[in-house]
Amino acid sequence: MTETYLNDTVINAKGTLCSRSVSYPIEASAIRKWAMAVYWPEPAPQKFMDAEYAPEDFDAFAWGPASYASLLPGDDSSVVVRHGINERALGFPEWKFRAGLNGGMNCTYGVRMHVGDVITDVKSVGEYTERQGRNGLMLITQSISTWTNQRDELVKRTINTGICY
Amino acid sequence: MNSSSAPSIPASAISRIQVGDQLQPFIRRTDFDNWNRYAAVNDEFLPHSMNDEAARREGFPKAFGMGNLQWSYVHSLLRAFIGPDGSILRVDVQFRNPNLREQTVTAHGTVTGIDGTTVSIDLWTQEDEGARLAVGKALVSLPSG
Amino acid sequence: MTVKVGDELPTFTRETGFANWNRYAAVNDEFVPIHMDDAAGEAAGNGGAFGMGNLQWAYLHNMLRSWIGENGEILSIEVQFRSPNVKGQTVTAKGVVTAIDGDVISLDVWTEQQEGTKLAPGSAKVKMGK
C-alpha cells in the first residue's frame, strides 16, 4: 500500500522548466480536419473549413514537434513527452499506476492561431498533490504548457491536471 | 562509405531474383490501434472496425479491420522488395476472410515468374494460424543489373 | 445582444461513442486504449471505453464560440473532469452567465450526460463580439 507519492524531489520540482518544443507551421488541412472532428457529425463552421484561424482548442503538436529540446540539466534522453513532462528525467519515482486519467484543464488564451504560425511550447512542472479516492491513494499531477507564436505573442497557457492510481 | 570502384548491383536488381524466392514478410499485430489510425488518414470510421458490439451485430465474433489496410500491407511488402528504383506495376487482391482483432497479420509473397525486368508475384496475407485473409498477385518492375 | 447575469447559453449536444472519439483521436493523435477498447476502459475501472476529456473541452469551446459571435474572444476557461463520458451518452455543453465586469463576462460552464449528471464542470471568461 503506497503511503505517499510525494518525496522532496517531487515537491521541490514545482516551477521547473522541462522542455521546449517547436511546431511545424500550422496547415489549413489540419485546422479543417480538427474542426470536422470536434463538430462531427454536424458540419464544422465554414470559417474553420476555410481555415480563417484555428479553434482555440486546436493542438499544433498533434502530429509531432518539428524540434524538441529538454531544458533539464543533464537530460540528454531526447524523449519527447507531448502530454505532460518527463518525470523520469526529473528524477521522480518510477510509479506504476493502473490508470492515468485526465483530471482537468485550465487555459488562458492570448492571440489566435492562423495558418503558417509556428508555435513554441514550453512545459514546466506544476503542483503535485495526492489524496485518497475510491481507487486508493491518487497522485494529482500538474503540467503547465505555455504556447507562443513566431512573434513571441502568447497563444495560450494551459495547466493540465492528471489523476493517477 | 564503400570505396570500391566496382558498380554496385542493387539488392533488388533483377539478376538477384529467382523464381521461388520468398519476399521478406511484412508483419503487424492488428487491433484498434492500427485500424483507428488508418481510419484517421482514410476517413474510414466503420462501426464494425471500431466496436466489437457492432461487428457482432453483423455476425462476426469481434471487430475486424479494413481490407484497405491489408491492401496497404501488401504494398508495403512489395515496396520493400522492389527497393527505391523498382516500380509496382499491378496488384490484384481478393479478401477471403476478416482480419479479426488481435490477429497478427503477415503479408507474404513468392516470385512466380520473371520476364525481362518484370517479376510476377503471388501474394497473400495470413493470420497467426495460417488462414489466408487476402490472396492475390502482383507485377513489379525491378532495376536491371 | 444584451447579456445579463443568469442568462443561459444555447447548448451544444452530441451523442458520444467510438465514432466521435476515434475521429478526435485522428486529429489529436490520441489513440489511447481506454478510449478505443472496452476491455482497456474496464481495466481502468470505468466499465468500458470512455471519451477524452479533451473532446469535452472542445465541446465547451464550440458552445462558447457559437455564443460570443464572430469577433468575440474566449479569454480563459477551466474545467475539472469529474465523471467519465461513457459510450452512448448524450453529452450537452451548457453555460450560464454569473457576472459581468465591463466587457468581460464570467460564466459557469459544464458538460452533462442525458440524465443531468455533470461530467466536466468549470468556468470561463469571454468577451462578446461587436
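A brief report on the enclosed structure follows. (Residues numbered from 1 in each chain as written. Chains lettered and ligands numbered in written order. Predicted model: local features only at pLDDT ≥ 70, side-chain atom pairs only at ≥ 80, totals over all residues. Heavy atoms only, no water.)

Re the sheet that holds strand β1 (residues 26-29) of chain B
Residue and element names in this part refer to chain B.
- Spatially, five strands are ordered β1-β3-β4-β5-β2 in an open sheet, and the strand pairing comes out antiparallel. Looking along the sheet, the strands with just one partner apiece sit at the ends: β1 and β2 (87-95). Here the average twist between neighbouring strands, direction ignored, is 20°. (Pairing = 2+ DSSP bridges. Helix = DSSP H or I, 4+ residues; strand = E, 2+ residues; numbered from the N terminus. Axes fitted to C-alpha atoms, helices over the stretch in contact; angles between N-to-C directions.)

Quick look at the pattern of salt bridges
- One pass over the structure, following the stated rule, counts 18 salt bridges over all chains.
- A salt bridge links K4 of chain C to D7 of chain C, with the shortest nitrogen-to-oxygen separation between them at 3.3 Å.
- For K87 of chain C, the salt bridge is made with D38 of chain C, and the minimal N-O distance between the two is 2.7 Å. Of the two residues, K87 of chain C is situated in the loop between β2 (73-80) and β3 (90-101) and D38 of chain C in helix α3 (residues 38-43); the sequence distance between them amounts to 49 residues.
- Each of R29, D31, D52 and R101 of chain B together with D37 of chain C takes part in salt bridges that share partners, so that together they form one network. (Salt bridge = Lys/Arg side-chain N within 4 Å of Asp/Glu carboxyl O.)

So, the interface of chain B and chain C
- Each partner contributes residues to the interface: chain B has 11 residues there, and chain C has 11 residues.
- Summing both partners gives a buried area of about 1000 Å² for chain B against chain C, and 56% of it is carried by carbon and sulfur.
- Taken together, the links from chain B to chain C amount to two salt bridges.
- In this structure, D37 of chain C engages R101 of chain B in a salt bridge whose closest nitrogen and oxygen atoms are separated by 2.9 Å.
- Here chain B is connected to chain C by three residue pairs in polar contact (both at pLDDT 80 or more). (Contact = heavy atoms within 4.5 Å. Buried area = accessible area lost by both parts, 1.4 Å probe. Polar contact = N/O pair within 3.5 Å; in protein donor to acceptor, adjacent residues only side chain to side chain.)

A word on the nonpolar core
- Counting residues in hydrophobic clusters, the biggest one holds 95 residues, and the most contacted among them are L78, F81 and I121 of chain B together with L64, W67, I77 and L107 of chain C.
- Here this core gets nine residues from one element, more than from any other, and that element is helix α4 (residues 53-68) of chain C.
- In contact with I121 of chain B, not counting residues within four places along its chain, are L23, L78, F81, G109, T110, V111, T112, G136, K137, A138 and V140 of chain B.
- Formed by 14 residues, the second largest nonpolar core is a distinct cluster that contains V10, I85, F92 and Y128 of chain A. (Core = buried A, V, L, I, M, F, W, Y, C linked by side-chain atoms within 4.5 Å. Buried < 20%, exposed > 50% of the residue type's maximum accessible area, 1.4 Å probe, protein only.)

Overview of the interface of chain A and chain C
- Every contact between the two is made by 34 residues of chain A and, on the other side, 36 residues of chain C.
- Surface buried jointly by chain A and chain C totals about 3000 Å² across both partners, of which 48% is contributed by carbon and sulfur atoms.
- Counting the surface chain A buries against chain C, the share from its top three residues, W40, M105 and Y109 of chain A, is 21%.
- Here chain A and chain C share four salt bridges between them.
- Residue R14 of chain C is joined to E42 of chain A by a salt bridge in which the shortest nitrogen-to-oxygen separation is 3.4 Å.

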